[in-house]
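Residues per chain, in single letters:
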Amino acid sequence: MNKDERSEHVRLAATQALLNSLEFLRANFEKENERHVIMQVVCEATQSTNLQVRVAAMQNLVKIMSLYYQFMEQYMAQALFPITLEAMKSNEDTVALQGVEFWSNVCDEEMDLAIEMQDAMEQARTPRSFSKFYARGALQYLVPVLLQRLTQQDENDDEDEWNPCKASGVCLMLLSNCCENTIVQHVMPFISEHIASTDWRFRDAAVMAFGAIVEGPDPEALKQVAAQAMPLLISLLNDSSVVVRDTTAWAISRVCEHLSDAIIGQPWMQQLIEALLASLDGEPRVATNICWALGSLTEAAYDAAQTEYDEEPPTYCLSPFFPQIVGKLLATTNRSDGNVNNLRSAAYEALMGLIKSSGKDCYPVVRQTTVEVLHRLHRTFALESALQSANEKMMFHDMQSLLCATLQSVLRKVTPEDVPVIADQSMEVLLQMLGGSSRAVQEDALMAIASLTEVMQDQFAKYMDVLRPFLYQALENHSEYQVCTAAVGLVGDLARSLGPKLGPFCDDIMIRLGQILGDESVNKEVKPQVLSVFGDIALGIGPSFTKYLEPVLQTLKQASEAQVDKSDLDLVDYLNDLWSSCLEAYTGLIQGLKGESNNSAELQMLQPHLEAMLALVCTVANDPDHSESAVGAAAGLIGDLVTTFSPILGSLVDNKSVNDLLTEAKKSKHSKTKAVAQWAAKEIKKLKGAP
């Protein structure tokens, strides 16, 4: 890689070899003299006259910044900043891309470090590493270059092709999240100057810049600016340039998502909705972004109308437009070009969001939509036999999955009075879909049936005989783990909805759950779900679960003692999932076997296993990598143990590990975890004060 190397082929090969080995050079980067040598040859290579060498050297810098951020301070001002800034301005797209990517990586690293700092403050500890705030320091120099890059679009760009213009938009968004309020002063003058430009490229760049900075800065600092900008953005939905219309739809969706207070209740709300619906007839790329905008607007409107108890509001600001929006989205799903730019999928997702976030006064339209979705599903079965090519079949199954997901959404809204009207039709359609060959369709059908069980509760028992063979087949489908996982989830929903009425089917279900746990080839993500479902079944069938108790308890003990390679973050996450599932299962067992009394014979069968339960709690408490969900589940189990077995627990729960875990849980950002921890701590205090 040395600049004196005469052969460009050798130099390129050396530069690429370094790039491929950077992950293994931590020991070298920790030694100052060796680090200097590496950084010198890489920086020199960025100045090579050979384009391939220059690009490979820039790729090295990008990767070095991600891997060895903490060692870069002495190189930043004199080398890395000027090299990368110059690269961003390069006429060679491949070089410019790496320059922009470098600063995107800086933002990623510094946002992670900001989270680490916040966590450390909350836990009263010293952070593992500190941010150097490179992005904030370079902001005034980076933003003008990025904004200039935004004006270099090509109207005929391949949408899937990555180029400096698109990369600059992403980098600007990352800078906005990383630098927060500081970025506004550097970007707003450009927006003000060019948003009404006669050149479509500058109009588009201004809109893109505005959309990029709505997330990151304090919403209050941008609220008034956004409210003033929205009428102009609405007019730009009719711009002569399809690129500007597309970017405007995206920017409006960003404003709806991050600055909803600037939109809800404004006098131009009707104008905005009418413009969005009209734009659904536009090019697929524009219409797709309009769908995202409608989804964001719907969620914002619903959140604004909700009460402090999170109840479904009687009405909300979209109620007057609800029938019109639903009708237009349904029409959009039927567009002949719906497969372009994922438009059909986006329209169905917007429709699902709209139904989920609807006021009570919108229910008549929701009911009509249920009928329409069922009609469409019935119609798909008649079309299936005419399909020829693999591509046609794939598109058909995608359509069925979307319709099934939409049915799942509307079923959650159906009132008890309407359940008898739609339940038979829904089950007929869903069972037919379960009999199909598409994995994705089967998965969606199982999840839709789960929604129906929630609505029908124990009335769903009448369908168990016809559902049983399909459910068992899905539980046995170990090779398609998504289907198997959905089936396991449905078992949990059935247990919660049917209660004791699930009892006659439990032998067959438990056998199949055990087979999943015993199959080493099953995707590991399925097994924690199975462990958790044991608790759901125990809650559902109560004391009748004792026939399965001993093997389940042994399984939970073995799972709770699992160990993984802590250097593998995926395995750390998996271990936390295992712990959470075991803790939830223990909680379900206690509550299910308790019945009406803390002295039941069935409950006493758990006493020999109390130490194993507390051992798992302490394992979670003492592990520095425990997850929020594991801590919350452990706090819940502590509370149940204390309230159920207080006479025999004694000092078992009064130890440092348990107290530390509850202290951490009480500081949680999640209200449920915090409330559970406070309740558990209160129960321990009662135990201590007991005679």
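Described below are features of the structure shown in this document. (Residues numbered from 1 in each chain as written. Predicted model: local features only at pLDDT ≥ 70, side-chain atom pairs only at ≥ 80, totals over all residues. Heavy atoms only, no water.)

1. Considering the overall build of the protein
For the record, the criterion: Helix and strand labels come from DSSP, where a helix needs a run of H or I of at least four residues and a strand needs a run of E of at least two; each type is numbered from the N terminus. This radius of gyration counts C-alpha atoms alone. The globule rule is 2.2 Å times how many residues there are, raised to the power 0.38. Here the term buried applies to any residue with accessible area under 20% of the maximum for its type, exposed to any over 50%, and partly exposed to those in between, with areas from a 1.4 Å probe on protein chains only. Contacts were defined at the residue level, with two residues in contact if any of their heavy atoms lie within 4.5 Å. The convention is simple: Lys and Arg are positive, Asp and Glu are negative, and His and the chain ends are not counted. For this purpose, a charge sits on NZ of Lys, CZ of Arg, CG of Asp or CD of Glu.
For the protein, the count of helices and strands is 31 helices and zero strands. The C-alpha atoms of the protein give a radius of gyration of 29 Å, which matches the 26 Å a tight globule of 691 residues would have. The principal-axis extent of the C-alpha atoms belonging to the protein is close to 80 × 60 × 50 Å. For the protein, with 691 residues in total, the buried portion stands at 53%. Taking all contacts inside the protein whose residues are at least 6 apart in sequence as the whole, residues at least 24 apart take part in 72%. Here the protein carries 54 positive and 91 negative side-chain charges, and the mean point of each set is 3 Å from the other.

2. Some points on the layout of surface pockets
Put simply, the rule is: Only protein atoms enter the 1 Å grid used here, on which a cavity is any set of points holding a 1.4 Å probe that cannot leave and a pocket is any open set flanked by protein within 12 Å on both sides along at least five of seven lines; residues with an atom within 4 Å of a point are listed as lining. Grid points are joined across faces, edges and corners, and a volume is the space filled by probe spheres set on the points.
Taken as a whole, the second largest pocket spans an internal volume of roughly 730 Å³. Elements represented by at least two residues in the lining of the second largest pocket include exactly helix 8 (164-179), helix 10 (200-212), helix 12 (242-258) and helix 14 (284-305). Here the lining of the second largest pocket takes five residues from helix 8, the largest share from any one element.

3. Quick notes on the pattern of salt bridges
This is how it is decided: Think of a salt bridge as a Lys or Arg side-chain nitrogen and an Asp or Glu carboxyl oxygen that are within 4 Å of each other.
Taken as a whole, this structure holds 25 salt bridges when the rule is applied. Between Glu73 and Lys132 there is a salt bridge, with the nearest N and O atoms lying 3.4 Å from each other. Taken together, the residues Glu73 in helix 5 (residues 73-88) and Lys132 in the loop between helix 6 (93-122) and helix 7 (134-150) connect sequence positions 59 residues apart. A salt bridge links Asp625 to Lys566, with the nearest nitrogen and oxygen atoms 3.5 Å apart. Placement of the pair is Asp625 in the loop between helix 28 (610-622) and helix 29 (628-649) and Lys566 in the loop between helix 25 (546-560) and helix 26 (569-594), with a sequence separation of 59 residues. The class for Asp625 is partly exposed, based on a relative accessible area of 32%.

4. A short note on the side chain of Thr151
Stated formally: Each polar contact in these results corresponds to two N or O atoms within 3.5 Å; when the atoms are within protein, one needs to be able to donate a hydrogen and the other to accept it, and residues that are neighboring in sequence are counted only if both atoms are side-chain atoms.
With respect to the helices and strands, the residue Thr151 is situated in the loop between helix 7 and helix 8. In terms of polar contacts, Thr151 uses its side chain to reach the backbone carbonyl oxygen of Gln148, at 2.6 Å.

5. Some points on the nonpolar core
The test is simple: Throughout, nonpolar core names a set of buried Ala, Val, Leu, Ile, Met, Phe, Trp, Tyr and Cys residues whose side chains join them through atoms within 4.5 Å.
By size, the foremost hydrophobic cluster in this structure holds 241 residues, and its most contacted members are Met72, Phe460, Leu513, Ile537 and Phe545. The residues touching Phe545, leaving out its near neighbours within four places in the chain, are Met510, Phe534, Ile537, Ala538, Val552, Leu589 and Leu593. If you look at the next biggest cluster of nonpolar residues, it comprises five residues, including Leu12, Ala45, Ala56 and Ala57.

6. As for unusual backbone geometry
Backbone geometry at Phe133 places phi at a positive 55°, although glycine is not the residue there. With a phi close to 55°, Glu180 is a non-glycine residue in the positive phi region. Tracing the chain through its elements places Glu180 in the loop between helix 8 and helix 9 (184-194).

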